[in-house]
Amino acid sequence: MTASDRFLIDGLQYCNWSEKIFRELNAGGVTAIHVTICYHENFRETIANIGQWNRWFQDYPDLICPAVTADDVRHAKQSGRTAVIFGFQNPAPIEDDLSLVEIWHRLGVRFMQLSYNNQSLLATGCYEAEDPGITRMGREVIREMNRVGLVIDMSHSAERSTLEAIELSSRPIAITHANPSSWHLVPRNKSDAVLKALGQSGGMLGFSLYPLHLKGGSGCTLRSFCEMVARTAELMGVDRIGIGSDLCQDQPDSVVEWMRVGRWTRDSRGASGALGAAVFPPQPDWFRNNTQFAGIADGLADVGFAKADIDKIMGGNWLDFFERSFGPEQAERPQHGASAKRSAGKGV
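Residues numbered from 1 in each chain as written. Predicted model: local features only at pLDDT ≥ 70, side-chain atom pairs only at ≥ 80, totals over all residues. Heavy atoms only, no water.

Looking now at helix H4 (residues 99-106). The α-helix winds at 3.6 residues per turn, so residues separated by three or four positions along the chain end up facing the same way. Taken residue by residue, H4 has Leu100, Val101, Trp104 and His105 as its buried positions. One side of H4 holds all its buried residues, which, seen down the axis, span an arc of 145 degrees. Contacts made by the buried residues of H4 are with helix H2 (43-59), strand S4 (82-88), strand S5 (109-113) and helix H5 (136-148). Positive backbone phi, approximately 110 degrees, marks Gly108, located one or two places after H4. (Buried < 20%, exposed > 50% of the residue type's maximum accessible area, 1.4 Å probe, protein only. Helix = DSSP H or I, 4+ residues; strand = E, 2+ residues; numbered from the N terminus. Arc of directions from axis to C-beta. Contact = heavy atoms within 4.5 Å.)

Structure below.
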């Protein structure tokens with residue numbers, strides 16, 4: 001596989017979308033991106049966000065297209081476009097109605113976080129002082145998400161909740177944008193225990209390039225990042241990792257306040273000031289936009305990754321995960337977590 005044949009997939013972006021960024025995606029050879037269409041929006045507001053994306057698909061049909069299957073991603077690559085996959089960073093759009101899980105899947109959503117930093121109706125966020133784990137409604141929603149093919153994302157969730165989600169889910173889950181806390185200790189990054197469980201269950205980790213998640217922040221070097229990827233590959237397996245950049249290109253600083261505050265507080269500092277000023281930190285100079293993915297691939301080669309493994313990390317693993325995850329649950333699918341344990345205890 002040559003660089004031009006490589007599937008280049010980003011597991012999470014939240015840019016201020018424009019023709020400029022769509023053209024940068026095209027110039028960078030980006031095959032697919034998972035885009036956030038909900039932070040704190042309710043059902044109707046999230047519908048409006050889909051409406052805006054539908055207009056962009058109409059306005060830039062030569063650059064972007066919607067995707068709900070792995071085949072859609074393949075077709076986008078064949079046509080030289082970037083496939084766009086919808087996801088929620090908060091379960092707010094399902095409100096307290098289990099039936100909305102299937103409805104959102106039919107509307108094209110393929111990822112949903114069970115919590116965003118705070119306690120939700122489903123799970124605990126990473127900035128809460130206590131983590132009681134997955135709630136009663138959360139267990140029901142996990143079963144329904146498994147059934148229809150809506151991927152569970154625990155990027156912003158707390159430790160116990162994340163481990164329980166991995167255990168309860170009959171299908172592999174994702175952490176679309178985070179890094180190991182052993183490399184950079186912040187609440188948003190994940191422990192080795194979580195990453196091991198994620199890898200063993202067939203799940204996916206997307207490495208974040210958001211400066212607050214990077215060792216050294218905006219000054220993080222490409223070498224340091226790629227060495228961290230290599231250590232994580234040893235921990236989880238090279239088939240379980242990819243990129244989830246969390247790129248927020250061209251967003252105004254006011255969006256940081258929306259992300260942190262939503263409607264639940266007036267304090268933009270969050271977590272008693274632990275998050276600092278409500279501004280976007282500068283991206284590291286080796287990844288400021290979608291034209292710079294090739295440099296990451298080169299950095300992975302420099303720390304010793306073989307070409308076949310670089311192809312997996314840059315997108316092949318995400319494509320395989322989409323293939324396994326976006327459709328309805330089938331009886332013949334391999335089971336993971338608690339469901340696998342229950343099955344193993346049954347006689348034949």
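Still more ground to cover, so stick around.
The next subject is H2. When the terminal C-alpha atoms of H2 are compared, their 25 Å separation across 17 residues agrees well with the 24 Å that a helix rising 1.5 Å per residue should span. Within H2 the residues assigned to the buried category are Thr46, Ile50, Trp53, Trp56 and Phe57. Down the axis of H2, the buried set is contained in an arc of 110 degrees. They therefore lie on one face. Within H2, the exposed residues directed more than 90 degrees away from the buried face are Arg44, Gln58 and Asp59. Looking at the buried side of H2, the elements it contacts are helix H1 (19-27), strand S2 (32-38), strand S3 (64-66), S4 and H4. (Expected span 1.5 Å × (residues − 1).)

Residues Trp17, Trp53, Leu114, Phe225 and Ile296 are the most contacted members of the largest nonpolar core, which totals 72 residues. Looking at this core, the element that brings in the most residues is helix H8 (residues 222-236), giving 6 residues. The residues contacting Trp53, other than those within four sequence positions of it, are Trp17, Phe22, Val35, Ile37, Ile64, Val84 and Phe86. Core analysis: the next-biggest nonpolar cluster, separate from the first, contains 19 residues, Ala67, Ala83, Met204 and Phe322 among them. (Core = buried A, V, L, I, M, F, W, Y, C linked by side-chain atoms within 4.5 Å.)

A few words now on the environment of Arg6. Take Arg6: it is sitting in the segment before strand S1 (9-13). With a relative accessible area of 12%, Arg6 lands in the buried category. Along the primary structure Arg6 and Pro172 are separated by 166 residues, whereas in three dimensions their C-alpha atoms are 24 Å apart.

Attention now goes to the side chain of Thr232. The residue Thr232 is located in helix H8 in this model. The class for Thr232 is buried, based on a relative accessible area of 3%. Excluding residues within four positions of it along the chain, Thr232 makes contact with Pro180, Leu195, Leu205, Phe207, Gly237 and Ile241.

Reading fine detail from the predicted coordinates is not recommended where pLDDT is low. Scored by pLDDT, the chain has a mean of 93; 92% of the residues are at 70 or more. Per-element confidence in the chain is highest for strand S8 (residues 204-207), whose mean pLDDT is 99, and lowest for helix H12 (residues 337-344), whose mean pLDDT is 44. Predicted confidence for residues 338-348 stays below pLDDT 50, and this span has 8 contacts to residues more than four positions away or in other chains. (pLDDT = per-residue confidence, 0-100.)

Turning to its location among the elements, Ser115 is positioned in the loop between S5 and H5. The buried category is assigned to Ser115, whose relative accessible area is 0%. Of the polar contacts made by the side chain of Ser115, one reaches the side chain of Ser157; its length is 2.7 Å. (Polar contact = N/O pair within 3.5 Å; in protein donor to acceptor, adjacent residues only side chain to side chain.)

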